[in-house]
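Chain by chain, the residues:
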Amino acid sequence: MFARYSVLLLAALLAAPALWQAFVVGDLDIDTALIRYLIAVLVAAVMLAFLRMLYTTYQRIHEEHETERQLEEMRQAEAERRAAAEAEAENNGPATA
């Protein structure tokens, strides 16, 4: 879960000021910057896991609605076929003269 590239990239963006201060400016201790990066990895993992959960929930609901729509279309088509068959049976009934 923590080793996804998206998590590591988001963590790098979140910890970018600390990393910049440590590696470029030199005002911050490198250990402190790396600890902040590790904390950012945890935060990024939770944030992206929440977004993935929302997406999968939406996708499941969408698939359920799509299945219901397809079933309703099939029921309507079956009702139309039955009505057409009944109308044809009435028209082709026994001929009385």
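Positions within a chain are numbered from 1, following the residues in the order the chain's sequence is written. The predicted nature of this model means local features are confined to residues of pLDDT at least 70 and side-chain atom pairs, given and counted, to a pLDDT of 80 or more, with totals for whole chains, interfaces and linings taken over all residues. To get the side-chain values, take all heavy atoms of the structure and skip hydrogens and water.

A few words now on the overall build of the protein. Within the protein, the secondary structure is distributed over 3 helices and 0 strands. When the helices and strands of the protein are listed from N to C terminus, the series reads α-α-α. Relative to the 2.2 N^0.38 estimate, which gives 13 Å for 97 residues, the radius of gyration of the protein is 31 Å and therefore markedly larger than a compact globule would have. Each principal axis of the C-alpha distribution contributes one length, and for the protein these read about 110 × 15 × 15 Å. Note on classification: 1.4 Å probe, protein chains only; a residue is buried when its accessible area is under 20% of the maximum for its type, exposed when over 50%, partly exposed between these limits. Here the protein holds 97 residues, and the buried ones make up 13% of them. A run of H or I in DSSP becomes a helix once it reaches four residues, and a run of E becomes a strand once it reaches two; helices and strands are each numbered from the N terminus. Just to be clear, the radius of gyration here is over C-alpha atoms, and the globule rule we use is 2.2 Å times residues to the power 0.38.

Surface patches are drawn from residues lacking salt bridges whose relative accessible area is over 30%; two like charges belong together within 9 Å, two nonpolar side chains (Val, Leu, Ile, Met, Phe, Trp, Tyr) within 5 Å. Surface accessibility follows the Shrake-Rupley procedure with a 1.4 Å probe radius. Residue values consider only the protein chains on display as shielding. We define a salt bridge as a side-chain nitrogen of Lys or Arg found within 4 Å of a carboxyl oxygen belonging to Asp or Glu. The grouping of Trp-20, Phe-23, Val-24, Val-25, Ile-30 and Leu-34 at the surface amounts to a nonpolar patch, some 580 Å² of accessible area in total. Elements supplying a minimum of two residues to the nonpolar patch: helix H2 (16-25) and helix H3 (30-91). The element best represented in the nonpolar patch is H2, accounting for 4 residues. Topologically, Val-25 is positioned in helix H2.

Moving on: the nonpolar core. Throughout, nonpolar core names a set of buried Ala, Val, Leu, Ile, Met, Phe, Trp, Tyr and Cys residues whose side chains join them through atoms within 4.5 Å. Counting 10 residues, the largest nonpolar core is built from Val-7, Leu-10, Ala-11, Ala-15, Tyr-37, Ala-40, Val-41, Ala-44, Ala-45 and Leu-48. Looking at this core, the elements with two or more residues in it are helix H1 (5-14) and H3. Counting residues per element, this core draws most heavily on H3, which supplies 6 residues.

The subject of this paragraph is the packing of H1 against H3. The angle between two axes is taken between their N-to-C directions and runs from 0 to 180 degrees, where each axis is a line fitted to C-alpha atoms and a helix contributes only its stretch in contact. Direction vectors running N to C along H1 and H3 enclose 125 degrees, while the axes themselves pass 8 Å from each other. Judged by the angle between their axes, H1 and H3 are oblique. Of the two elements, H1 crosses H3, and the hand of that crossing is right-handed. Residues Ser-6, Val-7, Leu-8, Leu-10, Ala-11, Ala-12 and Leu-14 of H1 lie in contact with H3, whose contacting residues are Tyr-37, Ala-40, Val-41, Val-43, Ala-44, Ala-45, Met-47, Leu-48 and Arg-52. Each residue gets one label: Ala, Val, Leu, Ile, Met, Phe, Trp, Tyr, Cys and Pro are nonpolar, Asp, Glu, Lys and Arg are charged, and the others, such as Gly, are polar. When its residues are assigned to classes, the contact of H1 with H3 shows 14 nonpolar, 1 polar and 1 charged. For classification purposes, angles smaller than 35 degrees are called roughly parallel, those larger than 145 roughly antiparallel, those between 65 and 115 roughly perpendicular, and all remaining angles oblique. The handedness criterion is simple: a crossing whose near helix is rotated anticlockwise from the far helix by less than a right angle is left-handed, and one whose near helix is rotated clockwise is right-handed. Working rule for contacts: check all heavy atoms of both residues, and any pair within 4.5 Å makes them a contact.

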